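Each chain, written out:
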Amino acid sequence: MTADGGRALSGRELLKRLIFDSYPEREAAAVTDGLDRLRNRCVSLRLNPLRGEPEKTLLELESYGLKPEQVGWYEHGYILPGAKEAEIVSLPAYLEGRIYLQSLSSMLPPIILKPNHNSDILDMAAAPGGKTTQLAALTQNRARITACEMNRVRCERLRFNLRRQGAGSVFVMETDSRRLDPFLSFDSILLDAPCSGSGTVALSESMEGFTELLIQKSVRSQKALLKKAVELIKPGGTIVYSTCSILPAENEEIVSEILSCGAVELDCIDAEALGLPTVKNRLEGTVT
């Protein structure tokens, strides 16, 4: 895409244009303002009940002068106002896997999936393992979780985090989940799809890698992955599709296309019940 006069748009200019093309002006301004301030967001973490007692871990964090504040929609989700990640990663609670640094938004897909004990769960793009270990924690290591990651280095990082977090119910497959045999089937599938990352880039930073080509590549991958998820889900099962993109092309447009095939139906998310700040998107019952 080029600006008027033929000059190529920078990544920052491209993203801003796409946001204002996608949302009403007031909401678009709120989104870009949020991205402008992304570098200054609070550190957030998840307490891990698979490693020790969360209440004791909280007291330990407070003993270091930290002030954990629980989020309203998740008992194990906390923010640490005024803290820096660099100081958290040196704490015993982090090194022993009793806490996991994780953005609040990335905690949502496992919660919305509502994983059950004694069920078969697939995490289609699992590395580095934040959502996978959260699924293990939510099911108290009593579900059978298959975690796929095609990149060898990222797969090793996934295995490391699973060990540290005590997620012993997870079977790792170093493979592209699009290649899974169709005889496999799952009660629940989490597809946190590879994306452009448009919802996580700070507009104050360089965005040289953010291009139309990246978005197009992401969309092709997302469609193929979600079609595979539909193929692998058991009758009556649940798929959660999520990205860290703010663009409709990677979110509700993908879901709408899959819904049009008629093999699955939308189970609406009640954002108000969760108390989440949202922007209005193009598919009612989904959350941005």
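Just above, that's the structure.
Now for a description of the structure that goes with this document. Given the structure is predicted, the values throughout are model-derived calculations rather than measurements.

Our focus in this paragraph is unusual backbone geometry. Following Ala127, the chain continues into Pro128 via a peptide bond in cis, with omega recorded as 5 degrees. Residue position: Pro128 is located in the loop between strand 5 (120-123) and helix 7 (130-138). Positive phi outside glycine occurs at Asn118, with the angle close to 55 degrees. Assignment of secondary structure puts Asn118 in the loop between helix 6 (104-113) and strand 5. Owing to a relative accessible area of 58%, Asn118 belongs among the exposed residues under this scheme. Even without being a glycine, Gln140 presents a positive backbone phi close to 55 degrees. If you trace the backbone, Gln140 turns up in the loop between helix 7 and strand 6 (144-148).

Let's shift gears to the side chain of Gln102. Mapped onto the secondary structure, Gln102 falls in the loop between strand 4 (99-101) and helix 6. At 3.3 Å, the side chain of Gln102 forms a polar contact with the backbone oxygen of Ser106. Apart from the residues within four sequence positions on either side, Gln102 is in contact with Ser44, Leu45, Arg46, Met107, Gly130, Lys131 and Gln134.

Attention shifts here to the packing of helix 1 (residues 11-22) against helix 2 (residues 25-36). At their nearest, the axes of helix 1 and helix 2 sit 8 Å apart, and the two run at 145 degrees to each other. For the crossing formed where helix 1 meets helix 2, the hand is right-handed. Across the interface between the two elements, Leu15, Lys16, Ile19 and Phe20 of helix 1 pack against Glu25, Ala28, Ala29, Val31, Thr32 and Leu35 of helix 2. Split into classes, the residues belonging to the contact of helix 1 with helix 2 amount to 7 nonpolar, 1 polar and 2 charged.

Attention now moves to the layout of surface pockets. Of the pockets and cavities examined, the second largest pocket occupies roughly 230 Å³. Taken together, 15 residues form the lining of the second largest pocket, with Thr278, Lys280, Asn281, Gly285 and Thr286 sitting closest to its centre. By residue class, the composition of the lining of the second largest pocket is 5 nonpolar, 5 polar and 5 charged.

Strand order in the open sheet made by the 5 strands is 7-6-5-8-9, with parallel pairing throughout. Across the chains shown, the open sheet's two edge strands, defined by having one partner strand only, are strand 7 (170-173) and strand 9 (233-242). Between one strand axis and the next, the sheet turns through 20 degrees on average, direction left out of account. This element, helix 7, spans strand 5, strand 6, strand 7 and strand 8 (186-192) of the sheet and lies at about 180 degrees to strand 6.

This brings us to the pattern of salt bridges. Scanning the entire structure with this criterion turns up 16 salt bridges. Close ionic contact of Asp33 with Arg37 constitutes a salt bridge, the shortest N to O distance being 3.1 Å. Residue Arg159 is joined to Glu156 by a salt bridge in which the shortest nitrogen-to-oxygen separation is 3.0 Å. Here Arg159 and its partner Glu156 are both found in helix 8 (residues 152-165), 3 residues apart, which amounts to about one turn of the helix. Via salt bridges that share partners, Asp120, Arg144, Asp187 and Lys234 belong to a single interconnected network.

So, on to helix 10 (residues 252-259). Listed in full, the buried residues belonging to helix 10 are Glu252, Ile254, Val255 and Ile258. Looking down the long axis of helix 10, one finds its buried residues gathered within 155 degrees of arc, a one-sided arrangement. The inward-facing, buried residues of helix 10 contact helix 9 (212-232) and strand 9.

Pairing in this open sheet of 4 strands is antiparallel, and the strands run 2-3-1-4 from one edge to the other. Of all the strands in the sheet, just strand 2 (69-70) and strand 4 have a single pairing partner and so form its edges. Bridge count for strand 1 (residues 43-47) against strand 4 is 3 bridges, and the pairing is antiparallel. Bridge pairing in strand 4 places Leu45 opposite Leu101.

Taking 1.5 Å of rise per residue, the 12 residues of helix 2 would be expected to cover 16 Å, and the 16 Å separating its terminal C-alpha atoms lies within 8% of that figure. Every buried residue of helix 2 is listed here: Ala28, Val31, Thr32 and Leu35. All buried residues of helix 2 fall inside an arc of 90 degrees around its axis, so they share one side. Taken together, the buried residues of helix 2 touch helix 1.

So, about the nonpolar core. Residues Leu15, Ile19, Leu122, Ile189 and Phe210 are the most contacted members of the largest nonpolar core, which totals 38 residues. Of all the secondary-structure elements, those providing two or more residues to this core are helix 1, helix 2, strand 8, helix 9, strand 9 and helix 10. Among the elements that take part in this core, helix 9 stands out by supplying 7 residues, more than any other. Here Phe210 is in contact with Gly11, Leu14, Leu15, Leu18, Ser196, Ser198, Ile215 and Leu247, once residues within four sequence places are set aside.

Parameters at a glance
- Residues numbered from 1 in each chain as written.
- Predicted model: local features only at pLDDT ≥ 70, side-chain atom pairs only at ≥ 80, totals over all residues.
- Heavy atoms only, no water.
- Helix = DSSP H or I, 4+ residues; strand = E, 2+ residues; numbered from the N terminus.
- Buried < 20%, exposed > 50% of the residue type's maximum accessible area, 1.4 Å probe, protein only.
- Polar contact = N/O pair within 3.5 Å; in protein donor to acceptor, adjacent residues only side chain to side chain.
- Contact = heavy atoms within 4.5 Å.
- Axes fitted to C-alpha atoms, helices over the stretch in contact; angles between N-to-C directions.
- Left-handed = near helix turned anticlockwise from the far one by under 90°.
- Nonpolar A, V, L, I, M, F, W, Y, C, P; charged D, E, K, R; others polar.
- 1 Å grid on protein atoms, 1.4 Å probe; cavity = no way out; pocket = protein on both sides within 12 Å on 5 of 7 lines; lining within 4 Å.
- Points joined across faces, edges and corners; volume = space filled by probe spheres on them.
- Pairing = 2+ DSSP bridges.
- Salt bridge = Lys/Arg side-chain N within 4 Å of Asp/Glu carboxyl O.
- Arc of directions from axis to C-beta.
- Expected span 1.5 Å × (residues − 1).
- Core = buried A, V, L, I, M, F, W, Y, C linked by side-chain atoms within 4.5 Å.

By themselves, these figures tell us nothing about what the structure is for.
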